[in-house]
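So the chains spell out like this:
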Amino acid sequence: MKRVLLGLGSNRNYKEMNSEQLLAAACKELKSVLINPAFSSIYISKAMYVTDQNDFYNMTATGYIEDNKSAYELLEDIHRIEALYGRDRTKEIRFGPRSLDIDIELFGDEEINTADLQIPHVRLQERAFVLIPALEILNESADVKIREKFDHYLGKLKAQNSDLGIELYKKVSIK
């Protein structure tokens, strides 16, 4: 089995669901995709890249995928979940508001660099909103190398800017 790490975010309501509810719904969907999933707390972070928008609610999920499932198959599952909760990639601004965004941060030890998919995620090192929640759930794992790498990335971000623009919003327990 391959361990995967996903980053989840939301900063726009969909129908009657707010960002917190959308993240909880996405986690429930991911339970049918990931084996032995674990979910971080929810954090609030300032929008990056396009800053004139609402703050994001972010979290991470980790779990396992069978060895015979590809990263592209996981990406299809993720796109299905995003669409279920209002994401329409044809009508959005790049880095703009979205009801649900799920990124594959890590997929086992694989490295992929295509137009459709980059793993590890190309902006992972600059995203405290992924690193902090990831460290929260990775602290429960035996993967010391990944934790050390993420701690290193986070240390570099803190050295560049004392305010990472992220705060704990809510501890969650997804059932």
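Residues numbered from 1 in each chain as written. Predicted model: local features only at pLDDT ≥ 70, side-chain atom pairs only at ≥ 80, totals over all residues. Heavy atoms only, no water.

A. Inspection of the layout of surface pockets at higher detail. Estimates place the volume of the largest pocket at around 780 Å³. If you trace the largest pocket, you find 35 residues lining it, with Arg-98, Asp-101, Asp-103, His-121 and Arg-123 closest to the centre. Every element with two or more residues in the lining of the largest pocket is listed here: strand E1 (2-10), strand E4 (56-65), helix H2 (71-84), strand E5 (101-107) and helix H3 (128-138). A per-element tally of the lining of the largest pocket places E5 first, with five residues. In terms of residue class, the lining of the largest pocket is built from 15 nonpolar, eight polar and 12 charged. Taken together, 21 residues make up the lining of the second largest pocket; nearest its centre are Leu-106, Gly-108, Pro-120, Ile-146 and Lys-149. Residue assignment for the lining of the second largest pocket shows that the elements contributing at least two residues are E1, E5 and helix H4 (144-160). If you tally residues by element for the lining of the second largest pocket, the top one is H4, at four residues. Considered class by class, the residues forming the lining of the second largest pocket number 10 nonpolar, three polar and eight charged. (1 Å grid on protein atoms, 1.4 Å probe; cavity = no way out; pocket = protein on both sides within 12 Å on 5 of 7 lines; lining within 4 Å. Points joined across faces, edges and corners; volume = space filled by probe spheres on them. Helix = DSSP H or I, 4+ residues; strand = E, 2+ residues; numbered from the N terminus. Nonpolar A, V, L, I, M, F, W, Y, C, P; charged D, E, K, R; others polar.)

B. Summary view of the pairing of E5. Within E5, seven of the seven residues are buried, leaving the element largely enclosed by the surrounding structure. As judged from the six bridges shared by E1 and E5, these two strands associate in the antiparallel manner. Its bridge partner lying in E5, Val-4 is registered against Phe-107. (Buried < 20%, exposed > 50% of the residue type's maximum accessible area, 1.4 Å probe, protein only. Pairing = 2+ DSSP bridges.)

Such coordinate-based values are descriptive only and should not be taken to indicate function.
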